[in-house]
Amino acid sequence: MLRIYVHTHRNQVRNDVPVSQISDIIRGRDSLLWVDVSDPAPEDAALLAEEFGFHPLAIEDAIWHHQRPKTDIYDGFIFIVFYALRCDDAGAIRPAQVALFVGRNYLVTVHPGSLPELEEVRQRWCSNGNHLKRDRIGLLVHAILDTIVDGYFPVVDTISDRIEDVEARIFERFDPSAQRE
């Protein structure tokens, strides 16, 4: 699914921009563009290559999961692979890869499924459009990475609770099954 948001020179955020206008917005200097791609399909990869001119290896890394976290500098854009973390109901840690293509006046995010962190940033970005400077795509990138990292704290708390439980089972109750865990 492809969602397009444009922060215009009138300090508004629009989400009704057709795909055909992406290259015009990129060439212009008066708007910031955020294209969010969830569960990318082959046609989404083709669109990224055609409209943005991204390197084929960067597109491949964005679409195929389990990449190392990294930052690669290409001619005209920076490519970042980052991970959001959460615990499922069983307590297992579930990472979600987020790829970011950062250009002079645009950001493209690629990820599996929906990510609450991106939705939170999108809502803030849309509601605070008049407080943003049009030339600061870095603010949007920072907001996304900061929100993702904030999501690490509940995961760390869950891990800490599990460690305390195992320690109690080992040292207080002498539970032999806790050694394996």
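Rules behind the numbers
- Residues numbered from 1 in each chain as written.
- Predicted model: local features only at pLDDT ≥ 70, side-chain atom pairs only at ≥ 80, totals over all residues.
- Heavy atoms only, no water.
- Salt bridge = Lys/Arg side-chain N within 4 Å of Asp/Glu carboxyl O.
- Helix = DSSP H or I, 4+ residues; strand = E, 2+ residues; numbered from the N terminus.
- Buried < 20%, exposed > 50% of the residue type's maximum accessible area, 1.4 Å probe, protein only.
- Arc of directions from axis to C-beta.
- Contact = heavy atoms within 4.5 Å.
- Phe/Tyr/Trp six-rings, centres within 6.5 Å; stacked < 30°, edge-to-face > 60°.
- Axes fitted to C-alpha atoms, helices over the stretch in contact; angles between N-to-C directions.
- Parallel < 35°, antiparallel > 145°, perpendicular 65-115°, else oblique.
- Nonpolar A, V, L, I, M, F, W, Y, C, P; charged D, E, K, R; others polar.
- Core = buried A, V, L, I, M, F, W, Y, C linked by side-chain atoms within 4.5 Å.

### Thoughts on the pattern of salt bridges
Using the criterion set out here, one finds 11 salt bridges in the structure. Two residues, Arg-3 and Glu-119, come together in a salt bridge whose shortest N-O distance is 3.4 Å. Highlighted residues: Arg-3 in strand S1 (residues 2–7) and Glu-119 in helix H4 (residues 116–127), separated in sequence by 116 residues. Exposure remark for Arg-3: the relative accessible area of 24% places this residue in the partly exposed category. By sharing partners, the salt bridges in this structure join Arg-3, Asp-36, Glu-119 and Arg-122 into a single network.

### A word on helix H2 (residues 42–52)
Turning to H2, its buried residues are Asp-44, Ala-45, Leu-47, Leu-48, Glu-51 and Phe-52. In a view along the axis of H2, the buried residues occupy a sector of 160°, so they form one face of it. Turned more than 90 degrees from where H2 packs its buried face, Pro-42, Glu-43 and Glu-50 sit exposed. Tucked inside the fold, the buried residues of H2 contact S1, helix H1 (22–27), strand S3 (32–38), helix H3 (56–63) and strand S7 (106–111). Downstream of H2 by one or two residues, Gly-53 has phi in the positive range, about 70°.

### Comments concerning the packing of aromatic side chains
For the coordinates displayed, the defined rule picks out 11 aromatic pairs. An angle of 50° between the planes, with centres 5.9 Å apart, marks the rings of Phe-77 and Phe-101 as tilted. One end of the pair, Phe-77, is in strand S5 (residues 77–87); the other, Phe-101, is in strand S6 (residues 93–102), with 24 residues separating them in the sequence. By relative accessible area, which is 5% here, Phe-77 ends up buried.

### Examining the packing of helix H5 (residues 137–150) against helix H6 (residues 152–171)
Here H5 crosses H6 at 15°, and the two axes come no closer than 4 Å. Here H6 runs roughly parallel to H5, going by the angle between their axes. Counted together, Ile-148, Val-149 and Asp-150 of H5 and Tyr-152, Phe-153 and Pro-154 of H6 form the full contact between these two elements. Grouping the amino acids of the contact of H5 with H6 by side-chain chemistry returns 5 nonpolar, no polar and 1 charged.

### Regarding the nonpolar core
Leu-33, Phe-52, Phe-54, Phe-101 and Val-108 are the most contacted members of the largest nonpolar core, which has 26 residues in total. Put simply, the parts of the chain that give this core at least two residues each are S1, H1, S3, H2, H3, S5, S6 and S7. Discounting chain neighbours no more than four positions away, the residues touching Phe-52 are Ile-22, Ile-26, Leu-33, Val-35, Leu-47, Tyr-106 and Val-108. In terms of nonpolar packing, the next biggest core, distinct from the first, is built from 20 residues, Trp-34, Leu-115, Ala-143 and Ile-148 among them.

### Describing the side chain of Arg-122
Within the fold, Arg-122 resides in helix H4. Setting aside residues no more than four positions away along its own chain, Arg-122 makes contact with Arg-3, Tyr-5 and Trp-34.

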